[in-house]
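# Close look at the chain arrangement
Residues per chain, in single letters:
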Amino acid sequence: MSTPRKTASRSLRRASRGQSMVEYSVLNWVLLVALVVGATVKIQWSDDRQSNVIDLFLEAYEIYYDSFYFVLNLPFP
């Protein structure tokens, strides 16, 4: 015979699994929306320069990578 305490603990475990799935889905939705907005919204930095956030991140990563490459290829030991 099943006790009420045993069935209550099962339903609490199911509720916590459901909550984590909702949190995971909301977090993924927010990240996806941020990626779409970042890829489509263009920011005008000056009169002749206009770029979106993804381009700016890629440009910053290229500068970061080039600086490591420059330092590793220095002629000093």
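Preceding block: the structure.
From a predicted model like this one, the values you see are computed outputs, not experimental measurements. (Residues numbered from 1 in each chain as written. Predicted model: local features only at pLDDT ≥ 70, side-chain atom pairs only at ≥ 80, totals over all residues. Heavy atoms only, no water.)

Right, let's talk about a nonpolar patch on the surface for a bit. Taken together, the side chains of Val22, Val26, Trp29, Val30, Val33, Val37 and Val41 make up a nonpolar region of the molecular surface, amounting to roughly 610 Å² of accessible area. Examined against the element boundaries, Val37 turns out to sit in helix α1 (residues 4–40). The class for Val37 is partly exposed, based on a relative accessible area of 43%. (Patch = residues over 30% accessible without salt bridge, like charges linked within 9 Å, V, L, I, M, F, W, Y side chains within 5 Å. Areas by Shrake-Rupley, 256 points an atom, 1.4 Å probe, with all protein chains shown as cover. Salt bridge = Lys/Arg side-chain N within 4 Å of Asp/Glu carboxyl O. Helix = DSSP H or I, 4+ residues; strand = E, 2+ residues; numbered from the N terminus. Buried < 20%, exposed > 50% of the residue type's maximum accessible area, 1.4 Å probe, protein only.)

Further remarks concern the packing of aromatic side chains. Enumeration according to the criterion identifies 1 aromatic pair in this entry. With 5.0 Å between their ring centres and 85 degrees between their planes, Tyr64 and Phe68 make a pair best called edge-to-face. Pair noted here: Tyr64 and Phe68 are both in helix α2 (residues 53–72), with a separation of 4 residues, about one helical turn. (Phe/Tyr/Trp six-rings, centres within 6.5 Å; stacked < 30°, edge-to-face > 60°.)

Let us look at the side chain of Asn52. Looking at the secondary structure, you find Asn52 in strand β2 (residues 50–52). The class for Asn52 is buried, based on a relative accessible area of 7%. Reaching out from Asn52, the side chain makes a polar contact with the backbone nitrogen of Asp55 at a distance of 2.9 Å. Residues in contact with Asn52, not counting those within four places in the same chain, are Gly38, Ala39, Val41 and Lys42. (Polar contact = N/O pair within 3.5 Å; in protein donor to acceptor, adjacent residues only side chain to side chain. Contact = heavy atoms within 4.5 Å.)

With that settled, consider α2. Between its terminal C-alpha atoms α2 stretches 29 Å, which fits the 28 Å expected from 20 residues at 1.5 Å a residue. Measuring from the side-chain oxygen of the N-cap residue of α2 to the backbone nitrogen of Asp55 gives 2.9 Å; that N-cap residue is Asn52. (Expected span 1.5 Å × (residues − 1).)

Below, the discussion takes up the environment of Leu56. Topologically, Leu56 is positioned in helix α2. Residue classification places Leu56 among the partly exposed positions, given a relative accessible area of 25%. A C-alpha to C-alpha distance of 10.0 Å links Leu56 and Ile43, two positions 13 residues apart in sequence.

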